There are 2 protein chains.
Amino acid sequence: MTGPVPAATVARLPGYLRALDELAERGVETTSSEELATMTGVGPAQLRRDLSWLGSNGVRGVGYEVLRLRGRVAEALGVGADQPVVIVGIGHLGHALAGYLRSEGSTYRVAALVDADPDVVGTTVAGLVVEHDRHLAEVVRREGAVLAVLATPVGVAQEVCDRLVEAGVRGILAFTPVALRVPQGVTVRSSDVASELQILGFHTRLPPPR
Amino acid sequence: MTGPVPAATVARLPGYLRALDELAERGVETTSSEELATMTGVGPAQLRRDLSWLGSNGVRGVGYEVLRLRGRVAEALGVGADQPVVIVGIGHLGHALAGYLRSEGSTYRVAALVDADPDVVGTTVAGLVVEHDRHLAEVVRREGAVLAVLATPVGVAQEVCDRLVEAGVRGILAFTPVALRVPQGVTVRSSDVASELQILGFHTRLPPPR
DNA sequence: AGTTGTGAATCGATTCACAGCC
DNA sequence: GGCTGTGAATCGATTCACAACT
């Protein structure tokens, strides 16, 4: 039932949203837990349990109405609400992310790009002029940024993180291998390529156990 | 005890490895579950339970010897074993990842870069000449690539994934929002910026519940 | 005295299986 | 007849708390 949605469920919602978008695009009006489950690679029971946290969205004996369900999932994720994003650290990675998040189809509004390197500040990246790190707090407040993408070198990550939080950011996506400390009420997700490869490396250490 | 290491534990090992590297660099010879736990943001009990899956690595009443423990964790993750990586899709993101994984300090050997765009094929990126997608299988076999990074457009991700697996890749890190289907024995981890922002968006939908 | 390693307890997430509804 | 929503059962992961050991 509707209530505190489990973290594991939240992590799967974006996958459901994408599957629903694809169905909508194909003009499909009604779907089933079976179909959605195979599209997203989870079990049908899990899918039904996940959706039930968002309330009752289907019709017994019939299935789910694609557009209605899409709306519920999007609403839960805050997709459509305006949540401006600031990207800090415009190296190769920050550059790539800026381009990706400003390409057509992206539902996020990248409000500003920030970097500390004087050679980068003032250049135009993905249609935005890079601003100086010195003005970070000011930029966050000016744009009302709620989310931030952190793509700085590891050494300054915690410090930048602190300033983002201080300026009012409530969610941070960090591309660093270090655990960032944040106060209650702020959410951090970290994703680091090297760490991910190490996790894969664990499974590929040995020849297939078949 | 030593045995089938839980997936949740494996996902934390890279963090422990990094913390141990930092201690080693600072010349610290001995540490405790308390210290490692605060460095990595987990609880001391969890840290001890995690490490116990790799065997008995500490000394009661004393703590853990940094270098010895580092060795055990690195070994478990296959760090140090030569696991060549192929990067497929040399757009902005693939370019950034190639640079990152070939920078000093990286323990991974990027063996080849592959793309389908004739304007990109033949160019030099991060010191490597980009090869044509047509030769993907050949490149994987030639280099003995065990791991692959998938940074192609969504539309071709599953197809490229199939060919990577067919050619012998055993672990795939995919930067796409779709669930990739792979046979038993192959591991996939997916990380997509838009999905991550949506997950953060869930938590920031509402004003702080303080 | 101090810290690990681990049984036992707890908490959370997944799966089963079916009652409830169209 | 068919598919959802959900109690009950299962499985897995975290935390507690202490015995084992230096």
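Residues numbered from 1 in each chain as written. Chains lettered and ligands numbered in written order. Predicted model: local features only at pLDDT ≥ 70, side-chain atom pairs only at ≥ 80, totals over all residues. Heavy atoms only, no water.

**Concerning the protein's contact with DNA strand C**
Piece 1. With respect to spatial proximity, 24 residues lie near DNA strand C, and among them A:Arg12, B:Ser33, B:Arg49, B:Ser56 and B:Gly61 are the closest.
Piece 2. When the atoms of DNA strand C within 4 Å of the protein are sorted by group, sugar and phosphate make up 58%.
Piece 3. Take A:Arg60: an N or O atom from its main chain is 3.2 Å from a sugar or linking oxygen of DNA strand C.
Piece 4. One of the side-chain N or O atoms of B:Ser56 is found 2.7 Å from a phosphate oxygen in DNA strand C.
Piece 5. Elements that contribute at least two residues to the surface near DNA strand C include exactly α1 (7–25) and α3 (44–52) of chain A together with α3 (44–52), β2 (58–59) and β3 (63–65) of chain B. (Near = heavy atom within 4 Å. Polar contact = N/O pair within 3.5 Å; in protein donor to acceptor, adjacent residues only side chain to side chain. Helix = DSSP H or I, 4+ residues; strand = E, 2+ residues; numbered from the N terminus.)

**Things to note about the packing of helix α1 (residues 7–25) of chain B against helix α2 (residues 33–40) of chain B**
Residues and elements named next belong to chain B.
Piece 1. Look at α1 against α2: their axes get within 10 Å of each other, and the N-to-C directions meet at 110 degrees. Taken together, the axis directions place α1 and α2 in an arrangement best described as roughly perpendicular. Judged by the twist between their axes, the crossing of α1 over α2 is right-handed. Touching Gly-15, Tyr-16, Ala-19, Leu-20, Glu-22 and Leu-23 of α1 are Glu-35, Leu-36, Met-39 and Thr-40, all from α2.
Piece 2. Its residues placed into classes, the contact of α1 with α2 shows six nonpolar, two polar and two charged. (Axes fitted to C-alpha atoms, helices over the stretch in contact; angles between N-to-C directions. Parallel < 35°, antiparallel > 145°, perpendicular 65-115°, else oblique. Left-handed = near helix turned anticlockwise from the far one by under 90°. Contact = heavy atoms within 4.5 Å. Nonpolar A, V, L, I, M, F, W, Y, C, P; charged D, E, K, R; others polar.)

**What to know about the interface of chain A and chain B**
Piece 1. Between chain A and chain B, the residue contacts involve 60 residues of the former and 60 residues of the latter.
Piece 2. Both faces combined, the contact of chain A with chain B buries some 5,200 Å², and carbon together with sulfur accounts for 68% of it.
Piece 3. With a closest N to O distance of 2.4 Å, B:Arg189 and A:Glu196 form a salt bridge.
Piece 4. Summed over the shared surface of chain A and chain B, the result is 17 residue pairs in polar contact (both at pLDDT 80 or more). (Buried area = accessible area lost by both parts, 1.4 Å probe. Salt bridge = Lys/Arg side-chain N within 4 Å of Asp/Glu carboxyl O.)

**Examining the side chain of B:Asp192**
Piece 1. Its place among the elements puts B:Asp192 in the loop between β11 (187–190) and α8 (193–204).
Piece 2. Despite its burial, B:Asp192 remains without a salt bridge, the nearest opposite charge being carried by A:Arg18 at 6.0 Å.
Piece 3. Within the local environment of B:Asp192, its side chain forms a polar contact with the side chain of A:Tyr100, the two groups lying 3.0 Å apart.
Piece 4. Setting aside residues up to four positions removed in sequence, B:Asp192 forms contacts with A:Tyr100, B:Thr176 and B:Pro177. (Buried < 20%, exposed > 50% of the residue type's maximum accessible area, 1.4 Å probe, protein only. Lys, Arg positive; Asp, Glu negative; His and termini not counted.)

**Section: the pattern of salt bridges**
Residues and elements named next belong to chain B.
Piece 1. Evaluation of the coordinates by the stated rule reveals 20 salt bridges over all chains.
Piece 2. Taking the shortest distance from any N to any O, the salt bridge between Glu-22 and Arg-26 comes out at 3.1 Å.
Piece 3. You can call Glu-22 partly exposed: its relative accessible area is 39%.
Piece 4. The salt bridge partner of Arg-72 is Glu-75, with a shortest N-O separation of 3.0 Å. Taken together, the residues span about one helical turn, with Arg-72 and Glu-75 both in helix α4 (residues 66–77) at a distance of three residues.

**Describing the pairing of strand β4 (residues 85–88) of chain A**
All names here are of chain A.
Piece 1. Alternating positions in β4 separate into two faces, Val-85 and Ile-87 on one and Val-86 and Val-88 on the other, with burial throughout.
Piece 2. Where β4 meets strand β5 (residues 110–115), four bridges bridge the pair, whose relative direction is parallel. Counted as the bridge partner of Val-86 is Ala-112 from β5.
Piece 3. Note on the crossover from β4 through helix α5 (residues 92–101) to β5: the handedness is right-handed. (Pairing = 2+ DSSP bridges. Right-handed = clockwise from strand over helix to strand, strands pointing away.)

**As for the protein's contact with DNA strand D**
Piece 1. What surrounds DNA strand D is a group of 25 residues, the closest being A:Ser33, A:Arg49, A:Ser56, A:Gly58 and B:Arg12.
Piece 2. Each atom of DNA strand D within 4 Å of the protein belongs either to a base or to sugar and phosphate, the latter forming 59%.
Piece 3. B:Arg12 is positioned such that a nitrogen or oxygen atom in its side chain is 2.8 Å from a phosphate oxygen of DNA strand D.
Piece 4. The greatest single-element share of the surface near DNA strand D, amounting to four residues, is contributed by α3(B).
Piece 5. By residue class, the composition of the surface near DNA strand D is nine nonpolar, nine polar and seven charged.

**Some thoughts on the environment of B:Ser56**
All names here are of chain B.
Piece 1. Within the element layout of this structure, Ser-56 appears in the loop between α3 and β2.
Piece 2. On the basis of relative accessibility, which here comes to 65%, the residue Ser-56 falls in the exposed class.
Piece 3. Sequence spacing of Ser-56 and Leu-69 is 13 residues, and the spatial spacing of their C-alpha atoms is 9.7 Å.

**Things to note about the domain arrangement of chain A**
Piece 1. Split by domain assignment, chain A resolves into domain 1 (7–77) and domain 2 (85–196).
Piece 2. Computed from C-alpha coordinates alone, the two centres of domain 1 of chain A and domain 2 of chain A are separated by 31 Å. (Domains from an automatic or database assignment.)

**Quick look at α5(A)**
Piece 1. For α5(A), the complete set of buried residues consists of A:Gly94, A:Ala96, A:Leu97, A:Ala98 and A:Leu101.
Piece 2. Among the structural elements, β4, β5, β6 (124–125) and β9 (147–150) of chain A together with α5 (92–102) and α8 of chain B are those in contact with the buried residues of α5(A).

**What to know about the sheet that holds strand β1 (residues 30–31) of chain A**
Residues and elements named next belong to chain A.
Piece 1. One open sheet holds the three strands; their spatial order is β1-β3-β2, and the pairing between them is antiparallel. Strands with a single pairing partner mark the edges of an open sheet, and in this sheet they are β1 and β2 (58–59).
Piece 2. Both β2 and strand β3 (residues 63–65) contribute to a ladder of two bridges, which runs antiparallel. Counterpart to Gly-58 in the pairing with β3 is Tyr-64.

**A closer look at the relation of the copies chain A and chain B**
The operation linking the two copies of the chain is a rotation about an axis combined with a translation along the axis.
Piece 1. For these two chains of identical sequence, chain A goes onto chain B by a turn of 180 degrees and a shift of 0.0 Å along the axis, with RMSD 0.0 Å. Interpreted geometrically, this transformation is the action of a two-fold axis.
Piece 2. An overlap of 100% is found between the interface residues of chain A and their copies at the interface of chain B, pointing to a shared contact surface. (Least-squares fit on C-alpha atoms with pLDDT ≥ 70 in both.)

**Here's the deal with the side chain of B:Gln198**
Piece 1. Along the chain, B:Gln198 turns up in helix α8.
Piece 2. Apart from residues lying up to four places away in sequence, B:Gln198 is in contact with A:Pro14, A:Leu17, A:Leu77, A:Val79 and A:Tyr108.

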